[in-house]
Amino acid sequence: MKFAGITLPDTVIQDIRSVSDFIFTHPELGYQEAEASRVIAEFLQKYGFEVEHPFCGLLTALRAGKKILCGENTPCVCVIAEYDALPEMGHACGHNLITGAALTAAAAVAAEAEKQNLPLNFRLIGTPAEEGGGGKIRLLEKGAFHAVRMAVMAHPGPFTETDYGSLGVAHGRIFFHGKAAHATRPEAGKNALDAVVLFYSDIMKWRAELSCNEFVHGIITDGGKAANIIPALTEAFFYVRAATPERLAELRKRLEESAAAGAASAQCRWEVRWDAEYLPIKVNPALNRRFHELWRENGKTIRINQGNEGKASTDMGNVTQVIPGAQFHFSVTEEQPCSCHTLPFREASGTREAFENAVKTGLIMARILLDYSHCPAFQNQVDQAFNQCAPSVGKGETK
């Protein structure tokens, strides 16, 4: 295939298709992606990349690298792969295709740099557990992106379009501790069910105060074990979402205040255990412009977003808060609406048409990685955009 000025042999594309199809038909949950990470590592080793697998102490993370004519000032550029699946729904978010696009970018950027004698310091980082496990967050904490100057990835969706941003999200497990008693002797107990219900009632009132880019939503996961027992323990699981890290912290505090008020009214104790936060994507207009330009140069006009449309949440946001980056999007449904995390989207993610769009997007990402590597003007545009732009607010599919 030749696209975006890069020719990738059909044999390479077929090998990438084999990896993508294998991942699609062998879905694995976060931090359990042993087979997915294995076949990705085997592909990269076959095509001459230096591979570390496991990586940074995570059994299903990996890093592959290749250096060509590399000098001290050659920036390290990166493409990111995801490959975890959803419980019961498999690859209804198309992470097999994220891997397909990333492997295409890896093979193409290395081949083109060698062909043109261009400097390249390249890495592919395979990140487990995007679907709630925060794999990129753990990798960031372990220094996996320390030397990387810029990172891109591409996510499947209904439309081919530029990065539209995301909301930050924090997941909290709320516990209420009371005292058990028989239901006919309520004065002997402290009703933890009352506490969680009062908490939820306050959340319902709070929702009316939130802006259109802020959300609080969740469920009561444990309301007690028997109707004739005043429960000593109840539990809820809630998300808060916001457009900036600062506002996300405020929403977390407000949720804790609701928990405290519910517990006090029921004379119970409370606690909130927060998971790692998915921060908002810091959208890079320079990367978005280049993605748009390359598609247009290759005969397709795509949607260019402002970066304030996304209401989904992803741990790619944490990466873009640290280094310039982008999460581009490519269509798996021939530019027809279809929601992620649904069975129709899962079926679309296994089609030939979806894979071909992943490959084309991977070739465009390869061109962007080369541009950043050897074009100082583009590199400066991307770096300046990162330093100047604010975190985005949030469209689209939610997690």
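Up top is the structure these notes are about.
Quick summary incoming for the structure in this document. From a predicted model like this one, the values you see are computed outputs, not experimental measurements.

## Quick look at the packing of aromatic side chains
Next, step 1: Scanning the entire structure with this criterion turns up 9 aromatic pairs.
Next, step 2: Taking the centre distance of 5.5 Å and the plane angle of 85° together, the rings of F237 and Y239 count as edge-to-face.
Next, step 3: For F237, a relative accessible area of 17% corresponds to the buried category.
Next, step 4: Members of the aromatic cluster, connected to one another through ring pairs, are F3, F291, W295 and F328.
Next, step 5: The ring of F175 carries R273 above its face, with NZ or CZ at 4.2 Å from the centroid.

## Regarding the sheet that holds strand β8 (residues 168-177)
Next, step 1: Taken in spatial order, the 4 strands line up as β10-β12-β8-β13 in an open sheet, and their pairing is antiparallel. Edge strands, defined here as strands with exactly one partner in the open sheet, are β10 (215-222) and β13 (269-274). Recorded for the sheet is a direction-independent mean angle of 20° between the axes of neighbouring strands.
Next, step 2: Note: β10 against strand β12 (residues 233-242), 7 bridges, orientation antiparallel. Its bridge partner being in β12, I220 is matched across the sheet by A236.
Next, step 3: Across the face of the sheet, helix α5 (residues 192-207) comes into contact with β8, β10 and β12 while running at roughly 20° to β12.
Next, step 4: Packed on one face of the sheet, helix α6 (residues 245-265) meets β8, β10, β12 and β13 and runs near 155° to β13.

## Examining the packing of helix α7 (residues 285-297) against helix α11 (residues 376-388)
Next, step 1: Between α7 and α11, whose axes approach to 7 Å, the crossing angle comes to 135°. Taken together, the axes of α7 and α11 are oblique relative to one another. Every residue of α11 that contacts α7 at P285, A286, L287 and R290 is listed here: F378, Q381, V382 and A385.

## A closer look at the pattern of salt bridges
Next, step 1: Under the definition given, this model contains 25 salt bridges.
Next, step 2: In this structure, R346 engages E347 in a salt bridge whose closest nitrogen and oxygen atoms are separated by 3.1 Å.
Next, step 3: The class of R346 is partly exposed, set by a relative accessible area of 23%.
Next, step 4: A single network of salt bridges, built from pairs that share partners, joins R290, E293, E297 and D371.

Cut-offs and rules
Residues numbered from 1 in each chain as written. Predicted model: local features only at pLDDT ≥ 70, side-chain atom pairs only at ≥ 80, totals over all residues. Heavy atoms only, no water. Phe/Tyr/Trp six-rings, centres within 6.5 Å; stacked < 30°, edge-to-face > 60°. Buried < 20%, exposed > 50% of the residue type's maximum accessible area, 1.4 Å probe, protein only. Lys NZ or Arg CZ within 6 Å of the ring centre and 35° of its normal. Pairing = 2+ DSSP bridges. Helix = DSSP H or I, 4+ residues; strand = E, 2+ residues; numbered from the N terminus. Axes fitted to C-alpha atoms, helices over the stretch in contact; angles between N-to-C directions. Contact = heavy atoms within 4.5 Å. Parallel < 35°, antiparallel > 145°, perpendicular 65-115°, else oblique. Salt bridge = Lys/Arg side-chain N within 4 Å of Asp/Glu carboxyl O.

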